[in-house]
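Notes for the structure review
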Amino acid sequence: MANGNANYKDFLTGSIVAVITPMDSAGRLDKASLKKLVDYHVESGTTAIVSVGTTGESATLTHKEHVDVVKATLELADGRIPIIAGAGANATAEAISLTNEFENSGLVACLTVTPYYNRPSQEGLYQHFKAISENTSLPQILYNVPSRTGCDMLPETVGRLAKLANIVAIKEATGNLARVHQIKELVDDNFVLLTGDDATALDFMQLGGQGVISVTSNVAAPQMVKMCDLALAGKYTEARELNKKLMGLHLQLFVEPNPIPAKWGCHRLGLIADGTLRLPMTPLTTSGQQKVEEALKLAGLL
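Conventions and cut-offs
- Residues numbered from 1 in each chain as written.
- Predicted model: local features only at pLDDT ≥ 70, side-chain atom pairs only at ≥ 80, totals over all residues.
- Heavy atoms only, no water.
- UniProt positions renumbered as here; feature names shortened; annotations may be inferred.
- Helix = DSSP H or I, 4+ residues; strand = E, 2+ residues; numbered from the N terminus.
- Rg over C-alpha atoms; globule rule 2.2 N^0.38 Å.
- Buried < 20%, exposed > 50% of the residue type's maximum accessible area, 1.4 Å probe, protein only.
- Contact = heavy atoms within 4.5 Å.
- Lys, Arg positive; Asp, Glu negative; His and termini not counted.
- Charge placed at Lys NZ, Arg CZ, Asp CG, Glu CD.
- Salt bridge = Lys/Arg side-chain N within 4 Å of Asp/Glu carboxyl O.
- Expected span 1.5 Å × (residues − 1).
- Polar contact = N/O pair within 3.5 Å; in protein donor to acceptor, adjacent residues only side chain to side chain.
- Pairing = 2+ DSSP bridges.
- Right-handed = clockwise from strand over helix to strand, strands pointing away.
- Phe/Tyr/Trp six-rings, centres within 6.5 Å; stacked < 30°, edge-to-face > 60°.
- Lys NZ or Arg CZ within 6 Å of the ring centre and 35° of its normal.

The name an unreviewed UniProt entry gives the chain is 4-hydroxy-tetrahydrodipicolinate synthase, with Providencia rettgeri as the organism. Database annotation for the chain, UniProt heading Subcellular location (unreviewed entry): "Cytoplasm". Of the comments in the UniProt record for the chain, the one headed Function (unreviewed entry) reads "Catalyzes the condensation of (S)-aspartate-beta-semialdehyde [(S)-ASA] and pyruvate to 4-hydroxy-tetrahydrodipicolinate (HTPA)."

**Comments concerning the overall build of the chain**
Looking only at helices and strands, one finds twelve helices and eight strands in the chain. Taking 2.2 N^0.38 as the reference for a compact globule, 302 residues should give roughly 19 Å; the C-alpha atoms of the chain span a radius of gyration of 18 Å, in line with that estimate. Its C-alpha atoms put the chain at 45 × 45 × 35 Å along the principal axes. Of all 302 residues assigned to the chain, the portion counted as buried reaches 55%. Expressed as a percentage of contacts within the chain between residues at least 6 apart in sequence, the contacts between residues at least 24 apart total 73%. Looking at charge distribution, the chain has the averaged site of its 26 positive side-chain charges lying 3 Å from that of its 31 negative ones.

**Points about the pattern of salt bridges**
One pass over the full model with this rule turns up 14 salt bridges. Linking Arg-28 and Asp-24 is a salt bridge whose minimum nitrogen-to-oxygen distance equals 3.1 Å. One connected set of salt bridges, linked through shared partners, spans Lys-35, Asp-39 and Arg-80.

**Focus: helix α1 (residues 31–44)**
The end-to-end C-alpha distance of α1, which contains 14 residues, comes to 20 Å, matching closely the 20 Å that a straight helix rising 1.5 Å per residue would cover. The set of residues buried in α1 consists of Ser-33, Leu-34, Leu-37, Val-38, Asp-39, Tyr-40, His-41 and Ser-44. For α1, the secondary structure elements touched by its buried residues are β1 (14–18), β2 (48–51), α2 (63–77) and α9 (221–232). The residue sitting at the N-terminus of α1 and contributing the capping side-chain oxygen is Asp-30; that oxygen lies 3.3 Å from the backbone nitrogen of Ala-32. Looking one or two residues past α1, Gly-45 carries a phi angle of roughly 90°, positive in sign.

**Focus on the pairing of strand β4 (residues 109–113)**
Of all five residues in β4, five are buried, a share of seventy percent or more. Burial along β4 is two-sided: the face carrying Ala-109, Leu-111 and Val-113 and the face carrying Cys-110 and Thr-112 are both buried. Bridging between strand β3 (residues 83–86) and β4 involves three bridges; their strand directions are parallel. Opposite Gly-86, over in β4, you have Leu-111 as the bridge partner. Handedness of the β-α-β unit built from β3, helix α3 (residues 92–100) and β4 comes out right-handed. By the bridge criterion, four bridges tie β4 to strand β5 (residues 140–144) in an arrangement that is parallel. Paired with Val-113 across the bridge in β5 is Tyr-143. In this region the chain leaves β4, passes through helix α4 (residues 122–134) and returns to the parallel neighbour β5; the handedness of that crossover is right-handed.

**Let's talk about the packing of aromatic side chains**
Overall, the coordinates contain zero aromatic pairs when judged by the stated rule. The ring of Tyr-126 has Arg-160 sitting right over it, with the charged end atom 3.7 Å from the ring centre.

**Considering the UniProt feature "active site" (unreviewed entry) in the chain**
Taking the UniProt record as the reference, the feature "active site" (unreviewed entry) is found at Tyr-143 and Lys-171. Despite a sequence span of 29 residues, these residues sit close together in the fold, their greatest C-alpha distance being 4.7 Å. Position of Tyr-143 among the secondary structure elements: in strand β5. When its relative accessible area of 6% is taken as the criterion, Tyr-143 is described as buried. Setting aside anything within four residues of it in sequence, one finds Tyr-143 in contact with Thr-54, Leu-111, Thr-112, Val-113, Thr-114, Lys-171 and Ala-173. Only 3.4 Å separates the side chain of Tyr-143 from the side chain of Thr-54, close enough to count as a polar contact. Mapping Lys-171 onto the fold places it in strand β6 (residues 167–172). Note on Lys-171: relative accessible area 6%, which makes it buried. Filtering out sequence-adjacent residues up to four positions away, Lys-171 remains in contact with Leu-111, Ile-141, Leu-142, Tyr-143, Asn-144, Leu-194, Thr-195, Gly-196 and Ile-213.

**Here we look at the pairing of β6**
For β6, the tally of buried residues reaches six of six residues, placing the bulk of the element in the interior. Bridge analysis of β5 against β6 gives five bridges, and the strand direction is parallel. Residue pairing for β6: Ile-141 is matched across the bridge by Ala-169. Note: β6 against strand β7 (residues 192–195), four bridges, orientation parallel. Pairing of Glu-172 across the sheet is with Thr-195, part of β7.

Below, the structure is given as structure tokens:
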């Protein structure tokens, strides 16, 4: 079984960033800012970068733009940090097509979200991910985020999928900590559990998860790396002290729909040149700016 080879665990642990996609005032990829972000995460010790996930505005990029941004991120990383591509779609054929664009590209894995809007059954979810798995050699990370997709992949389905050759991990973004035990009971020890919820990431790791695909890391990468390292080393008291300072960010980076606050925060910290978003995402409101600013101060970033 391919997921018996645990080499992928090297890049599926600790703090992994769900990176924003920086854009210029015309809404095109700002490659200079993307390089700055990649350098920031390399220097901070971030384990890996997820390119063009939800936080990377995957929903508003064309198929070609999606592929181009991932490949630009790979180019700028230049082997210094592993790159994972967001590669989901609500049509199985489209998800396979997108995944196939990344074969032999240098990516270490694909993060594939559950089909959104059409709300498939558990059997539909199983068959969807099985079909993707059978059409790629890339390791696959399942992504369960029912608050956005309208469907919840249950632990029993995860357990079935974990038996397939190259399905090696899950990003479990329900925020339901009971899922850690429920999933671990149904998978072998090589299957990796990551959370997509920064606010409960420390608790998730204390319960046996291996890390977080983080939004907070966009603005506080070194701090998230340290918090995760402490948690994974079992130093929970120290991890909690650091996490208290980050909790404002964990919460306020969702004061308006992601990635609106995260992109504003990156711009506020000078990590990107422009905070442009693609419609229907709109700029962070004045009220939102005040809340994110306060959270950045609480975290010691301003």
